[in-house]
Amino acid sequence: MKIEADLIVERADQLLTLAPGENAKTAEDKLGLVPDGSVAVKGESIVWAGPDREIGRHIVLSAGGKRLNARGKVVTPGFVDSHTHPVFAGSRALEFELRIKGATYQQIAQAGGGIKSTVENTRTASKEDLRDLGLRRLEEMLSLGTTTVEAKSGYGLSVADEIRMLEVLRDLDRKHPVDIVSTFLGAHEIPPEYAGRKQDYVQLVIDEMIPEVASRKLASFCDVFCEEGVFSLEESRRILEKGAELGLRPKLHADELTPLGGSELAAEVGAVSADHLLFASEKGMEMMAEKGVVATLLPGTAFFLFMGRYAPARKMIEKGLAVALATDFNPGSCMTQSLPLITTIACTQMRMTPAECILGITRHAARAIGREDTLGSLEPGKQADLLLLDIPDYRHLSYHFGINHVERVFKKGREVWKRTTCGQQV
Ligand code: NIG
Ligand code: FE
């Protein structure tokens, strides 16, 4: 019996299913590349994907169904940005300039700028303003191919302000086609009113914030900025354990600026992902590999903070870690929503191949947010989030950088974004 479809995207020069057979070994194999490939959608789901010459045997288009010719294009799953901080007010452009002139990120933070300045601006902004800013940012992400985003709180740092940020994220998720997976990051910084009383703030996070967030089901994950001068290993562990106890799965900003041992901690608490990892130790990487913790690398941040070094991506891949790539979009350490740009930085600075990068923003990113059952690949049963890219070969996504190659975006089977040229829809 043939399966009915209401959308067929047909004859892509390269269809990347990210769903290869059992024997796929290399990153290139894992792309599941089908030349002259077609994909069939019914409602919100993929019903079939494979070589165009075989589609007639499996699929029949429903009356009123739509066919879209993808000749000359590459078709991929929608991109998943698995680490962002998109709800904030104000800008840190002046800090950017200070950093260009020689100040470091940590010096700016110690002088009361950095995260604290964004907290001040975010606390005083109205909920409507935060929503409007968020909507514009999501729209930009969608235009660049991101169809699902993990988004963190962390610019509120009081019970009421953290809840408010998570409520804004919930509203944005309802209003905009990009799906949002929320993470509670109350332990992002110590707020000014708790200066010199860090233990009291940690207790507030544990005793009040986490129970409130969990009982109102406002987040799926709990994250901590585990870093020298911010939250220690022990504080991070206590916070993550409390979150896990109440159903918030752990994630961690780990070994970003100093080698503190965050990657080991991530493995010990069974984190879904450990993120940044510029200073991850050999042992930490091995422990993560053993526990199946995804290594989420954010090379845009290392680039934007002039770190002069990057996470050891090659070593991680050799050790069998699943490497995801994300933007870390935030006003201080990485002001971009572009996952394609992040892949170019990953290729040129960490020597990840274009195929490894695509895995990093699809399949591995879906795993990093616990959504591998529905997202990250084009195979029957998965959500029909897919992109038409106006490039002749997938490598051009990273190779031809600084411009947008996205032509059309489908979210849950529905076209939600389309490129225009000279005012005309393509
Ligand atoms: O992932 N590391 C901590 N949080 C962000 C920076 C946030 C900010 O500077 O506003 C990051 O780099
Ligand atoms: Fe971050």
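The shown structure was predicted, so the numbers you read here are calculated from the model rather than taken from an experiment. (Residues numbered from 1 in each chain as written. Chains lettered and ligands numbered in written order. Predicted model: local features only at pLDDT ≥ 70, side-chain atom pairs only at ≥ 80, totals over all residues. Heavy atoms only, no water.)

A. Geometry of the side chain of Thr327. Following the sequence through the fold, Thr327 ends up in the loop between strand 13 (323-325) and helix 14 (339-350). From its side chain, Thr327 meets the backbone nitrogen of Phe329 in a polar contact 3.0 Å long. Those residues within four positions of Thr327 in sequence are excluded, and the remaining contacts are Asp81, His83, Thr84, Leu298, Thr301, Cys334, Thr336, Gln337, Ser338, Leu339 and Ile342. (Helix = DSSP H or I, 4+ residues; strand = E, 2+ residues; numbered from the N terminus. Polar contact = N/O pair within 3.5 Å; in protein donor to acceptor, adjacent residues only side chain to side chain. Contact = heavy atoms within 4.5 Å.)

B. Region of interest: helix 5 (residues 115-124). Looking at helix 5, one finds that the buried residues are Ile115, Thr118, Val119 and Thr122. Down the axis of helix 5, the smallest arc covering the buried residues is 105°, so these residues share one side. Exposed residues on helix 5 whose side chains face more than 90 degrees from its buried face are Glu120 and Thr124. Of the surrounding elements, those touching the buried residues of helix 5 are helix 4 (105-110), helix 6 (127-143) and helix 7 (159-175). (Buried < 20%, exposed > 50% of the residue type's maximum accessible area, 1.4 Å probe, protein only. Arc of directions from axis to C-beta.)

C. Highlighting the coordination of the iron ion (ligand 2). Here the iron ion (ligand 2) is held by the protein donor atoms His83 (NE2), His85 (NE2), His253 (NE2) and Asp328 (OD), which lie 2.1 to 2.3 Å from it. Mapped onto the sequence, the donors of the iron ion (ligand 2) take the spacing H-x1-H-x167-H-x74-D. Placement of the pair is His253 in strand 10 (residues 249-254) and Asp328 in the loop between strand 13 and helix 14, with a sequence separation of 75 residues. When its relative accessible area of 3% is taken as the criterion, His253 is described as buried. For Asp328, a relative accessible area of 2% corresponds to the buried category. (Donors = N, O, S within 2.8 Å, 3.2 Å for Na, K, Ca; no water.)

D. Structural view of the site of ligand 1. Close to ligand 1 lie 15 residues; Arg92, Tyr105, Tyr155, His188 and Ser333 are nearest. The contact in question runs from a nitrogen atom of ligand 1 to an N or O atom on the side chain of Glu256, over 3.0 Å. Between His276 and ligand 1, the recorded distance is 3.0 Å, taken from a side-chain N or O atom to an oxygen atom. Alone, ligand 1 offers 320 Å² of accessible surface; in the complex the protein occludes 100% of this. Partitioned by chemical class, the residues of the shell around ligand 1 number four nonpolar, eight polar and three charged. (Near = heavy atom within 4 Å. Areas by Shrake-Rupley, 256 points an atom, 1.4 Å probe, with all protein chains shown as cover. Nonpolar A, V, L, I, M, F, W, Y, C, P; charged D, E, K, R; others polar.)

E. Expanded view of the domain arrangement of the protein. Domain annotation for the protein reports domain 1 (3-77 + 377-425) and domain 2 (79-368). In this structure, domain 1 and domain 2 have C-alpha centres spaced 30 Å apart. Residue-level contacts link 28 residues of domain 1 with 24 residues of domain 2. Summing both sides of the interface, domain 1 and domain 2 together bury roughly 2,100 Å²; the carbon and sulfur share of this comes to 69%. There are three salt bridges connecting domain 1 and domain 2. The partner of Arg363 in a salt bridge is Glu379, with the nearest N and O atoms 3.8 Å apart. Put simply, the parts of the chain that give the side of domain 1 that touches domain 2 at least two residues each are helix 1 (27-30), strand 5 (74-77), strand 14 (386-389), helix 17 (396-399), strand 15 (406-411) and strand 16 (414-418). Ranked by residue count, the leading element in the side of domain 1 that touches domain 2 is strand 15, at four residues. Its residues placed into classes, the side of domain 1 that touches domain 2 shows 16 nonpolar, five polar and seven charged. (Domains from an automatic or database assignment. Buried area = accessible area lost by both parts, 1.4 Å probe. Salt bridge = Lys/Arg side-chain N within 4 Å of Asp/Glu carboxyl O.)

F. Representation of a nonpolar patch on the surface. A surface patch of nonpolar side chains, amounting to about 290 Å² of accessible area, comprises Phe96, Ile100 and Phe306. Tracing the backbone through its elements, the reader meets Phe306 in the loop between helix 12 (299-304) and helix 13 (313-318). (Patch = residues over 30% accessible without salt bridge, like charges linked within 9 Å, V, L, I, M, F, W, Y side chains within 5 Å.)

G. Fine view of the packing of aromatic side chains. A full pass over the atoms with the stated rule returns five aromatic pairs. Taken together, a centroid distance of 6.4 Å and an interplanar angle of 75° make the contact between Phe88 and Tyr155 edge-to-face. Residue Phe88 is located in the loop between strand 6 (79-84) and helix 3 (93-100), and its partner Tyr155 is located in the loop between strand 7 (146-152) and helix 7; the two are separated by 67 residues in the primary sequence. There is no split in this pair, since Phe88 and Tyr155 are both buried. Three or more aromatic residues joined by ring pairs form one cluster here, namely Phe88, Tyr155 and Phe329. For the cation-ring pair, Arg137 lies above Phe88, with the distance from its terminal atom to the ring centre recorded as 3.6 Å. (Phe/Tyr/Trp six-rings, centres within 6.5 Å; stacked < 30°, edge-to-face > 60°. Lys NZ or Arg CZ within 6 Å of the ring centre and 35° of its normal.)

H. Seen up close, the environment of Ala5. When you line up the elements, Ala5 lands in strand 1 (residues 3-16). With 197 residues separating them along the chain, Ala5 and Val202 place their C-alpha atoms 52 Å apart. Sequence-distant contacts of Ala5, defined by excluding residues within four places in its chain, comprise Ala40, Val41, Lys42, Val47, Ile59, Val60, Leu61 and Ser62.

I. Representation of the pairing of strand 7 within the structure. A large share of strand 7 lies buried, amounting to seven of its seven residues. Summarising the sheet, strand 6 and strand 7 pair through four bridges and their orientation is parallel. Counted as the bridge partner of Val80 is Thr148 from strand 7. Sheet topology places strand 7 next to strand 8 (residues 179-187); five bridges connect them, and they run parallel. Along strand 8, the bridge assignment pairs Thr148 with Asp179. (Pairing = 2+ DSSP bridges.)

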